[in-house]
Amino acid sequence: MLEWSLLNIKPDAVARNIIGQIIHRVENAGYRIIAIDKVQLEREEAEAFYDVHRDKPFFTKLCDYISSGPCVPMVVEGEEVIQGLRDLIGATDPAEAAPGTIRKDFALNGTQNSVHASDSSERAAVEINFFFSRHKLYLLTRNEYRG
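Colleague: Honestly, unusual backbone geometry in this entry has me stumped. Any pointers?
Modeller: Leaving glycine out, the prevailing phi sign among residues is negative, and the prevailing peptide bond configuration is trans. With phi around 60 degrees, N17 is a residue other than glycine that occupies positive phi space. Along the chain, the position of N17 falls in the loop between α1 (11-15) and α2 (19-28). Residue N17 is classed as exposed on the basis of its relative accessible area, which comes to 65%. You will see that E80, though not glycine, has its phi angle at about 50 degrees, which is positive. Here E80 shows up in the loop between β3 (72-79) and α5 (81-89).

And the structure:
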């Protein structure tokens, strides 16, 4: 089934200039990036994005981290992309991630783990709408150059 998912390259990966290496892996896995941006979240925006984790002990640290520098959110399209991206990025803790996954190869630790990917179609819709307006997505998918 053709799906959309959000993939967000986090501040540690942006600061280490490995955006291209991550995108390369996503595209080599057969997925298509249909929208991409570079943003820096304010603290309040970080709290809104990670609201599902508000009651967890790592919430404050997570919000501090994600708002500490620029990130690169993107909308990725592909067959069963939600699970596919989750497999491609690996476990949250890089020590537990499978060899060859993005987090195993690039993450610094469980917080600075280089990338985030939506974990369900419901979260994908919420997360994509958080970073990208429906108007922008419509224009990108309907009016793109087909050369």
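Colleague: Help me out: how do you make sense of α5 in this one?
Modeller: Given 3.6 residues per helical turn, the α-helix brings residues three or four places apart onto the same face. Looking only at α5, the buried set comprises V81, I82, G84, L85, L88 and I89. Angularly, the buried residues of α5 cover 165 degrees about the axis, an arc narrow enough to put them on a single face. In the core, the buried residues of α5 are packed alongside β1 (2-9), α2, β3, α6 (102-106), β4 (115-117) and α7 (121-131).

Colleague: Would you explain the pairing of β3 in this entry?
Modeller: When a strand is regular, its side chains alternate between the sheet's two faces. Extensive coverage of β3 is indicated by the burial of seven of its eight residues. Two elements, β1 and β3, share eight bridges in a ladder whose sense is antiparallel. Residue L7 lies in a different strand from β3, and its bridge partner there is M74. Two strands pair when backbone bridges link them, and strand β2 (residues 32-36) and β3 are joined in this way by four bridges, in the antiparallel orientation.

Quick notes on the rules
- Residues numbered from 1 in each chain as written.
- Predicted model: local features only at pLDDT ≥ 70, side-chain atom pairs only at ≥ 80, totals over all residues.
- Heavy atoms only, no water.
- Helix = DSSP H or I, 4+ residues; strand = E, 2+ residues; numbered from the N terminus.
- Buried < 20%, exposed > 50% of the residue type's maximum accessible area, 1.4 Å probe, protein only.
- Arc of directions from axis to C-beta.
- Contact = heavy atoms within 4.5 Å.
- Pairing = 2+ DSSP bridges.

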